[in-house]
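Next come the chains, spelled out residue by residue.
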Amino acid sequence: MTRKVLIVEDSKAMRGLIRATVEALPGFVTHEAGSGFDALKALPSHQFDLIITDINMPDINGLELISFVKGHPNYKSIPLIVVSTEKSEEDRRRGLALGASGYIVKPFKGEDLQELIKKVLGVTV
Amino acid sequence: MASEKDERSKGEFLAEAEDILEDLNQHLIQMEAMVEAGSVDPDVVNAIFRGVHSLKGLSGMFGFTGVSTLSHKLESLLDALRLGKVPITPEVTQAIFQALDRLKELSEDISRSGFERADTTDIAAVIEAAMTGGGGADKKSPVDELAIDPALVAVLTEYEEHRLKENVKAKNGIFLVKARFDLMTFDKDLTALNDKLKSLGEIISTLPSSGMSPDMGIEFNLLMGTKSTMDRLVEEVGGLGAEVVEIKYKAEEKKAASEAASPTIKSLSKTVRVDISRLDHLMNIVGELVLSKNIISQLSKDLRGLHGFTGIAVDLHKATRTFERKLGELQEGVIEVRMVPIGQIFTRLTQAVRKYAGDVGKDIDLEMSGEDTELDKLMVEDMSDPLMHLIRNSIDHGIEAAQVRARRGKPERGTIRLDAFPKGNRVVITVEDDGGGIDHEKVRRKAVERELIKESDVLSKREIMDFIFMPGFSTSEKVSEVSGRGVGMDVVKKNVSRLSGMIDVETEIGVGTKFTITLPITLAIIKALIVDVSAETFAVPLSSVLESLMITRDRITTIEKREVVSLRGETLPLLWLDRVFSLPKSDAGDYLYVVVVGIAERRLGLVVDRLVGQQEIVIKSIGEKLKNVPGIAGATELGDNEVVLVLDVEALIDEATLRR
């Protein structure tokens, strides 16, 4: 079973790292969005199993994206993982309050993100 | 294998780090100017914070601890600045500049040796010291004064919440602007709405929601703070399909308070930001006035003809002259306001060059001069794509690979020069590279292959080069990601031509290629030469006219089936306008008027019956039917209510090249 993950992150290099980490898991494919807007555009045309999002982004922030996904009848069941920095503890708390399933702090180890993904999706690979 | 991967990811890190640092530098320069002016735009501070924040995250992930530690320190300072915990002073700005320099040094270390060498302890201390200048965070939240839905506050980041507080503290009106857009086009529509709102106040957050019918579109709730009234907002954004809801202050003292406070909150800034569409509107009115002026001048002339230069005719003449002078000043003033330095796009191009050169693995310097040269704002915007394309072409096909350059005895780093300078009422922009040049013979062969010319045709180098501007004409075998997107030189030329400009190319194999673009400084109102051709009148934009001649028929000779005249020892090809537009043949007698148009050696003589004179014209677009007639750029009205066509000189030169 293939699982599709939407990665929302404005840094291209960071996106590449997350992609490589996710795709290292067997059966996982990714779709990248360089901004919140790109994510909004990608949502209707894909069936995502998971969204991994940054908080600080230029157009709409990650919290707004979480609120959108969780308030949308078609997407509200998609789990979200917040990627944040230790600086933005308050933002992370808000992300979880809005319905994010987990968070990981930058810089993180690839294995830790993989573990978190497995935990959030309830899979054993 | 692993090291190759490491190399690649190091490259990715460096490319992005360099972009971020470049961006930071520019924003910091902006902030420095704002600090001096006494009013700092929170968006700029936040942009700097975000840049440093990204850099910190990035360097942490890639394991560059020096960059990571220093940017972490810097991030804390910027976080304090954007949250208003530490005041922004010139000293703080200097500290940030120093830190950026050090970060740049570190990334250069990484690029050279893979290791960070520069020491950061001293700079960390400077940042530390800058941090201690501040007080603390605000205790009681002023947001409590607002009757706002907690769900709206829940999605705000800490920074956005701080901005909301600042707006409440300043007793600004807080509004929720709701708009619903199509899923496919919302980013464009939202940008238009954002631009409108930003001219009126500060957008605090942009919350998307599915709204009532989730499959039909997407709804946005924009939270904003502004000094404008509800009515003003509605007036501004109503047209964009947005709805405005005021978020009221709990206490009704708001009104009284803002009235009492108003004398002390005078803005320190002496500038206003104006939407370009308002300037367009003003310019249009000036354009209409110019037409009216032309009509009045004509009437005044007619009156003098009827009554002689006496009484009311003299008075009207004087009044008209005063009107003309004042209108001239008004026109100049409005044009001046629209002028922006072309450096605005140059800066953007620098970043793009860096990125693209990196993508194709070439070392390229972009040198610029004449950034201060001013051009109409709209033209500057319209020029950015063509310039970008020319530069991409140079990077991709012009500048050779380092080994090839070394073999040819050139420096391994390629150079692209971007220059702009005013020339009379025109602006000249040149893009020059020191690459491999374009092979005339190759272009010629391609033209023969495509049956544009015969093998036996004799063409000058310049005539051959004209082919590169034809649709679908490319001599490059491989399509690259950088410039090979199916957009060719023909599109560049079309864009330039639409702005009544001209483009010319000079190239030498092994030495380089230079594109020269000549543009009028504004399109709103241009000077034109009015000419008659067999009972029809045309306007020729003066920016493309080199000179006018009167010649006798016997000076015309035929070379290669083309009619030409010899002008100061050089051959000038002629084009009869009556033939181009299939007008009845004019019987102009033995004397012909020739309007010499063009740029550099790409010249053409337009044969006309009579030169009427120079006049200022406002180009109006023409209907769909005439849109595709080659050689016509638009239409204009002259003083006597006559509508005449404005010639597209660039297209006529092409026409002449093909009619052979």
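In this text, all values refer to a predicted model and were calculated from it rather than measured experimentally. (Residues numbered from 1 in each chain as written. Chains lettered and ligands numbered in written order. Predicted model: local features only at pLDDT ≥ 70, side-chain atom pairs only at ≥ 80, totals over all residues. Heavy atoms only, no water.)

(A) Molecular detail of unusual backbone geometry. Cis geometry is adopted by the peptide bond preceding proline 107 of chain A, which originates at lysine 106 of chain A and carries an omega value of -10°. Following the sequence through the fold, proline 107 of chain A ends up in the loop between β5 (102-106) and α5 (110-121). At glutamate 451 of chain B, a position not held by glycine, the phi torsion is positive, near 60°. Here glutamate 451 of chain B lies in the loop between α16 (440-449) and α17 (461-465). Classification of glutamate 451 of chain B as exposed rests on a relative accessible area of 71%. (Helix = DSSP H or I, 4+ residues; strand = E, 2+ residues; numbered from the N terminus. Buried < 20%, exposed > 50% of the residue type's maximum accessible area, 1.4 Å probe, protein only.)

(B) A look at the pairing of strand β13 (residues 536-541) of chain B. All names here are of chain B. Of all six residues that make up β13, five are buried, and the element is covered over most of its length. In this structure, strand β12 (residues 526-533) lies alongside β13, joined through six bridges in antiparallel fashion. Considered in β13, the bridge of leucine 529 is made with valine 540. The antiparallel pairing of β12 with β13 creates a hairpin that spans two residues between the two strands, and serine 534 there sits at a positive phi of about 35°. Here two bridges tie β13 to strand β22 (residues 643-647), and the two strands are oriented parallel to one another. Opposite phenylalanine 538, over in β22, you have leucine 645 as the bridge partner. (Pairing = 2+ DSSP bridges.)

(C) Examining the sheet that holds strand β11 (residues 512-520) of chain B more closely. Residue and element names in this part refer to chain B. Spatially, β6-β8-β9-β11-β10 is the arrangement adopted by the five strands of the open sheet, whose pairing is mixed. Strands with a single pairing partner mark the edges of an open sheet, and in this sheet they are β6 (364-369) and β10 (502-508). Mean inter-strand twist for the sheet, computed between neighbouring axes without regard to direction, equals 15°. When β10 meets β11, the two strands line up antiparallel, connected through seven bridges. Across the sheet, glutamate 506 pairs through a bridge with lysine 514, a residue of β11. (Axes fitted to C-alpha atoms, helices over the stretch in contact; angles between N-to-C directions.)

(D) How the structure looks around the packing of helix α3 (residues 65-82) of chain B against helix α5 (residues 121-131) of chain B. Residue and element names in this part refer to chain B. It is at 10 Å that the axes of α3 and α5 come closest, and there the two elements cross at 15°. The orientation of α3 with respect to α5, classified from their angle, is roughly parallel. Read as a crossing pair, α3 and α5 show a hand that is left-handed. Every residue of α5 that contacts α3 at Leu70, Lys73, Leu74, Ser76, Leu77 and Ala80 is listed here: Ile123, Ala124, Ile127, Glu128, Ala130 and Met131. Split by residue class, the contact of α3 with α5 holds nine nonpolar, one polar and two charged. (Parallel < 35°, antiparallel > 145°, perpendicular 65-115°, else oblique. Left-handed = near helix turned anticlockwise from the far one by under 90°. Contact = heavy atoms within 4.5 Å. Nonpolar A, V, L, I, M, F, W, Y, C, P; charged D, E, K, R; others polar.)

(E) View of the sheet that holds strand β21 (residues 632-637) of chain B. All names here are of chain B. Taken in spatial order, the five strands of this open sheet run β20-β12-β13-β22-β21, and their pairing is mixed. If you trace the sheet from one side to the other, it starts and ends with β20 (610-617) and β21, each paired once. Across this sheet, the average inter-strand angle for adjacent strands is 35°, counted without regard to direction.

(F) Representation of the packing of aromatic side chains within the structure. Residues and elements named next belong to chain B. For the structure shown, the criterion picks out nine aromatic pairs over all chains. Taking 4.7 Å as the distance between ring centres and 35° as the angle between the ring planes, the aromatic pair formed by phenylalanine 13 and phenylalanine 64 counts as tilted. Highlighted residues: phenylalanine 13 in helix α1 (residues 2-37) and phenylalanine 64 in the loop between α2 (42-62) and α3, separated in sequence by 51 residues. Each member of the pair, phenylalanine 13 as well as phenylalanine 64, carries the same accessibility label: buried. Between phenylalanine 181 and phenylalanine 220, the ring centres sit 6.4 Å apart and the planes meet at 45°, which makes this aromatic pair tilted. Here the residue phenylalanine 181 occupies a position in strand β1 (residues 173-181), and phenylalanine 220 occupies one in strand β3 (residues 218-226), the gap between them amounting to 39 residues. Neither phenylalanine 181 nor phenylalanine 220 differs from the other in exposure class; each is buried. Between the NZ or CZ atom of arginine 82 and the centre of the ring of phenylalanine 49, over which it lies, the distance is 3.6 Å. Across the ring face of tryptophan 576, the terminal group of arginine 579 is positioned such that the distance to the ring centre comes to 4.3 Å. (Phe/Tyr/Trp six-rings, centres within 6.5 Å; stacked < 30°, edge-to-face > 60°. Lys NZ or Arg CZ within 6 Å of the ring centre and 35° of its normal.)

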